[in-house]
Amino acid sequence: PESWIAAQQMGAFLSVAKGSAEPPIFLEIHYLGGANANDSPLVFVGKGVTFDSGGISLKPSSGMDAMRADMGGAATVCSAIVTAAALNLPMNIIGLAPLCENMPSGKANKPGDVVTAKNGKTIQVDNTDAEGRLLLADALCYAHSFNARAIVNAATLTGAMDVALGSAATGVFTNSSWLWNHLYEASIVTGDRVWRMPLFEHYTKQVTDCPLADLSNIGKYSRAGGACTAAAFLKEFVTAPHWAHLDIAGVMANKDEVPYLRKGMAGRPTRTLVEFAARLSQDSHNPK
């Protein structure tokens, strides 16, 4: 509940939630399929904005109804864990999903506000419609408390990802070639493809060059490389050596591109996450 979120000092998450009359929830799921309950888990983190109006930086009304699916990352993560449990995968998996709405009320974040994330970093909110990364910043900080084998987050994070890849593949930003290889090989098996995107320092500088805080929640060159600057922002809340960010905005919905999925919200890339978890359960070691 909100009291727990506040006790965890998740100020970035709470700053988004305060704009809605609906209280936030931080969802935590544990699946203990490993031989030992203390074995290092795979940690999945999913963005759960249950409706995204854009907040004060209001989205255009056309197509806003689709923003009921801005919890696609959370739904994908939950689905993958439920499936892993049904398959009795021999590993421990933890799912984390910050859940709230992003609404334009009198209590909502305003452009220029500064909020403080769980790790103490300050964030200038230059665009309230870049809210998913605020939720994920706090959730990623919390994910580090589980001594994870790997941390993988999924989020309908940026329209820029849809522009870059469309519905052909999920964009993956990762600091680990070992993790990337497992995700890529899993996606070949499932057909729900992934494509690696850059985590250059070039993008980090665009979010850390900020007049009021440690970070801005958008890149200083606005739309340029929007998916990449969003990933660079998230990277500032990660110290784990094996982390991947999956931007699933482009694969959020299915029109007619994937014939075996119904039209509407696609639930992608659940299949790839399940196959990835299965492969990880068979990999007995992590590289240094």
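Residues numbered from 1 in each chain as written. Predicted model: local features only at pLDDT ≥ 70, side-chain atom pairs only at ≥ 80, totals over all residues. Heavy atoms only, no water.

Naming follows an unreviewed UniProt entry, where the protein chain appears as Cytosol aminopeptidase domain-containing protein of Bambusicola thoracicus.

### Some words on the packing of helix 3 (residues 72-86) against helix 9 (residues 270-282)
Applicable threshold: The convention used is that axes are lines fitted to C-alpha atoms, helices contributing only their stretch in contact, and that angles between N-to-C directions extend from 0 to 180 degrees. Secondary structure elements follow DSSP: runs of H or I no shorter than four residues count as helices, runs of E no shorter than two count as strands, and numbering proceeds from the N terminus. Any angle from 65 to 115 degrees is called roughly perpendicular, while one under 35 is roughly parallel, one over 145 is roughly antiparallel, and all others are oblique. In this scheme the handedness of a crossing depends on how the near helix is turned from the far one: anticlockwise by less than a right angle means left-handed, clockwise means right-handed. Residue contacts are defined here by distance: any two heavy atoms, one from each residue, within 4.5 Å place the two residues in contact. For this scheme, ten residues count as nonpolar: Ala, Val, Leu, Ile, Met, Phe, Trp, Tyr, Cys and Pro. Four count as charged, namely Asp, Glu, Lys and Arg, and the remainder, Gly too, count as polar.
Axis separation between helix 3 and helix 9 bottoms out at 9 Å; the angle between their running directions is 45 degrees. Between helix 3 and helix 9, the interaxial angle falls into the category oblique. The handedness of the crossing between helix 3 and helix 9 comes out as right-handed. Within the contact between the two elements, helix 3 uses T76, S79, A80 and T83 and helix 9 uses T270, L273 and V274. Grouping the amino acids of the contact of helix 3 with helix 9 by side-chain chemistry returns three nonpolar, four polar and no charged.

### Brief notes about the side chain of N153
Using the following cut-off: Remark: exposure states derive from per-residue accessible area (1.4 Å probe, protein chains only) relative to the maximum for the residue type, with buried under 20%, exposed over 50%, and partly exposed in between. Two N or O atoms count as a polar contact when they lie within 3.5 Å, although within protein this holds only if one can serve as hydrogen donor and the other as acceptor, and sequence-adjacent residues are included solely when both atoms are side-chain atoms.
By the element assignment, N153 lies in strand 7 (residues 150-155). Judged by its relative accessible area of 0%, N153 falls in the buried class. In this structure the side chain of N153 is engaged in a polar contact, spanning 2.9 Å, whose partner is the side chain of W243. In terms of polar contacts, N153 uses its side chain to reach the side chain of H245, at 2.8 Å.

### Regarding the environment of R271
Examined against the element boundaries, R271 turns out to sit in helix 9. What makes R271 partly exposed here is its relative accessible area of 42%. The sequence separation of R271 and T76 amounts to 195 residues, and the corresponding C-alpha distance is 9.1 Å. Beyond its immediate chain neighbours, meaning those up to four positions away, R271 contacts T190, Y260 and L261.

### Points about the nonpolar core
The following threshold applies: In these notes, a set of buried Ala, Val, Leu, Ile, Met, Phe, Trp, Tyr and Cys residues joined through side-chain atoms within 4.5 Å is what counts as a nonpolar core.
Among the nonpolar cores identified, the biggest contains 49 residues, and V45, L96 and F233 are the most heavily contacted of them. Looking at this core, the element that brings in the most residues is helix 4 (residues 132-143), giving nine residues. In terms of nonpolar packing, the next biggest core, distinct from the first, is built from 30 residues, A84, W178, L179 and L246 among them.

### Topic: unusual backbone geometry
Between R268 and the following residue, P269, the backbone shows a cis peptide bond with an omega angle of 0 degrees. Phi at Q9 is positive, roughly 60 degrees, even though this residue is not glycine. By the element assignment, Q9 lies in the loop between helix 1 (2-7) and helix 2 (11-17). Look at Q9 and you get exposed, because its relative accessible area is 58%. Here N147, not a glycine, exhibits a phi torsion of approximately 50 degrees, which is positive. Position of N147 relative to the elements: it lies in the loop between helix 4 and strand 7.

### Concerning the environment of A37
In this structure, A37 sits in the loop between strand 1 (25-32) and strand 2 (42-46). As for A37 and Y184, which are separated by 147 residues in sequence, their C-alpha atoms are 28 Å apart. Those residues in contact with A37, other than ones at most four positions away along the chain, are L32 and N92.

### A closer look at the state of the cysteines
So the rule is basically this: A pair of sulfur atoms, both from cysteines and within 2.5 Å, is called a disulfide here.
Counted according to the given criterion, the structure contains zero disulfides. The thiol of C100 is not disulfide-bonded; the next cysteine sulfur, from C78, is found 15 Å away. Residue classification places C100 among the buried residues on the basis of a relative accessible area of 3%. For the unlinked cysteine C141, the closest cysteine sulfur is that of C100, found at 16 Å.

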